[in-house]
Amino acid sequence: MNMNFNFFGKPNDGNPIALACPFFENNGLVRHGFSTRLGGVSDDAYFSLNLGLNTKDSRENVVENYRRFCEQIGTDYEKLVLTRQVHGTNIKTVTKEDAGKGLVRVSDLGEFDGLITDEPGLPIGVFYADCTPILMLDPKHKVIAAVHSGWKGTLGRIGRKAVQEVRRNFGTDPKDILVAFGPSIKACHFEVGEDVFSMFCQNFGTRALYGSLQKGEKFYVNTDKLNRAQLIEEGVREENIFISNSCTYCHNDTFYSHRADGGKTGRMCAVIELVK
Ligand SMILES: [Zn+2]
């Protein structure tokens, strides 16, 4: 279901503003948050809570932003695991030994667009700036996943792959999984040419693209629908998929948007950690 996520923090109190999915907050099993661009120390194009390590922003600023954001959502930034994201579909299961890799420690993890863990106290994250950040929780087996699904990841069905991996490795029943899609570029602004549009049609069938608007030679695609459809195909219940209403492009004052900012912009991060 589409919904407004809750805010941590208040505008103007100097703390990072982050979003939380109410259905993840209620069960007490996880700490989590989707960052915005508000409440950090970076300037100019990176104003202000830039969490992109591969941007031209200073590393010092980015690490301080992570410290603030993680503190706001109650996780320890020194344990956060991040990987190099490449718009692929590879997913890695991480353990305590990986704590801090990618941020405060040099990482030997390689390139992955999704992370999974069943270890309490180990926060995992994915970053994004228009692409869809997807967080998952199996409350029965206590397993979490963080997935980065841009248009290529959507086509490659990385969301579905994450469900398959937790099922295979942890015995998860897809019916139990709760899923949150964070802020992303929504159908109002996700413009693609006919080449990409026809790839979506071939991959998902034209019915799944029903409702996409065409203006001249451009198409406007609802990737939330496509990411949701592939999870439902895998057995996730529609009522367990919670989708943030926020469009990163429409609300460019609150979120980084690769498209609205013309490419030079910061990154947001979606983080999740099992409490117990
Ligand atoms: Zn929009």
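Sequence positions are assigned chain by chain, starting from 1 and proceeding in written order. At least 70 in pLDDT is required for a residue's local features to be given in this predicted model, at least 80 for side-chain atom pairs to be given and counted, and no such filter applies to totals for whole chains, interfaces and linings, which use all residues. Hydrogens and water molecules were not included; the side-chain quantities draw on all heavy atoms of the structure.

**As for the coordination of the zinc ion**
We count it as follows: Each metal's donors are the N, O and S atoms within 2.8 Å of it, or within 3.2 Å when it is Na, K or Ca, and because water is not part of the set, sites may look incomplete. Key to geometry: four donors with every angle between 85 and 135 degrees are tetrahedral; four donors are square planar and six octahedral where opposite donors lie over 155 degrees apart and all remaining angles lie between 65 and 115; all other sites are irregular.
Donor atoms from the polypeptide that coordinate the zinc ion comprise C188 (SG), H189 (ND1), C247 (SG) and C250 (SG), at 2.1 to 2.4 Å from the metal. One can describe the donor arrangement at the zinc ion as tetrahedral, given that its 4 donor atoms subtend angles of 99 to 123° at the metal.

**Thoughts on helix α4 (residues 158-170)**
Operational definition: The helix count covers DSSP runs of H or I at least four residues long, the strand count covers runs of E at least two residues long, and both are numbered beginning at the N terminus. Multiplying one less than the number of residues by 1.5 Å gives the expected span of a helix. Relative accessibility under 20% of the residue-type maximum defines a buried residue, over 50% an exposed one, and the middle range a partly exposed one, all with a 1.4 Å probe and only protein chains included. This arc is built from the directions going out from the helix axis to the C-beta atoms. Two residues qualify as a contact provided that any one of their heavy atoms is within 4.5 Å of a heavy atom in the partner residue.
Along its 13 residues, α4 runs 18 Å from first to last C-alpha, staying within 8% of the 18 Å computed at 1.5 Å per residue. For α4, the full list of buried residues reads I158, G159, A162, V163, E165, V166 and F170. Projected down its long axis, α4 carries its buried residues within an arc of 160°, all on one side. The inward-facing, buried residues of α4 contact β5 (91-93), β6 (114-117), β8 (132-138), β9 (143-149), α3 (151-155) and α6 (223-233). At the C-terminal side of α4, G171 shows a positive phi close to 75°.

**Details of the sheet that holds strand β13 (residues 218-220)**
Short version of the rule: Each pair of strands is called paired provided DSSP finds at least two bridges between the two strands.
As summarised here, the arrangement of the 3 strands in space is β11-β13-β12, forming an open sheet in which the pairing is antiparallel. Of all the strands in the sheet, just β11 (191-192) and β12 (213-215) have a single pairing partner and so form its edges. Strand direction decides the pairing type here: β11 and β13, joined by 2 bridges, are antiparallel. Across the sheet, V192 pairs through a bridge with F219, a residue of β13.

**Some details on empty space enclosed by the protein**
Note the threshold: Method remark: on a 1 Å grid restricted to protein atoms, a set of points is classed as a cavity if a 1.4 Å probe fits but cannot get out and as a pocket if it is open with protein on both sides within 12 Å along at least five of seven lines; lining residues have an atom within 4 Å of a point. Grid points are joined across faces, edges and corners, and a volume is the space filled by probe spheres set on the points. Polar here means any residue outside two lists: the nonpolar Ala, Val, Leu, Ile, Met, Phe, Trp, Tyr, Cys and Pro, and the charged Asp, Glu, Lys and Arg; Gly therefore counts as polar.
This structure, assessed with the given rule, holds 1 cavity of 30 Å³ or more. Roughly 40 Å³ of volume is contained in the largest cavity. What lines the largest cavity is M136, L137, D138, V143, I144, A145, V166 and I177. Tallied by class, residues from the lining of the largest cavity come to 7 nonpolar, no polar and 1 charged.

**Concerning the nonpolar core**
Using the following cut-off: Put simply, buried Ala, Val, Leu, Ile, Met, Phe, Trp, Tyr and Cys residues joined by side-chain atoms within 4.5 Å make one nonpolar core.
Counting residues in hydrophobic clusters, the biggest one holds 32 residues, and the most contacted among them are F5, F24, V30, F34, I124, L137 and I272. Among the secondary structure elements, those contributing two or more residues to this core are β4 (30-35), β7 (124-128), β8, β9, β10 (178-181) and β15 (268-274). The element contributing the most residues to this core is β15, with 4 residues. Filtering out sequence-adjacent residues up to four positions away, L137 remains in contact with F24, N27, L29, V30, V143, I144, D176, I177, L178 and L274. By size, the runner-up hydrophobic cluster in this structure holds 19 residues, among which are I134, V163, F170 and L231.

**Some details on the domain arrangement of the protein**
Test applied: Residue ranges assigned to the domains are those given by an automatic or database domain assignment. Summed over both partners, buried area is the accessible surface (1.4 Å probe) that two parts give up on being assembled.
Per the domain assignment, the segments making up the protein are domain 1 (2-185 + 223-274) and domain 2 (187-221). Distance between the C-alpha centres of domain 1 and domain 2: 25 Å. On the side of domain 2, 14 residues touch domain 1, which itself brings 13 residues to the contact. Between domain 1 and domain 2 lies a buried interface of about 1300 Å² when both sides are counted; carbon and sulfur atoms form 70% of it. Interface area lost by domain 1 to domain 2 is led by W151, L155 and L226, which between them contribute 41%. At the level of secondary structure, the elements contributing two or more residues to the side of domain 1 that touches domain 2 comprise α3 and α6. Broken down by element, the side of domain 1 that touches domain 2 gets its largest block of residues, 4 residues, from α6.

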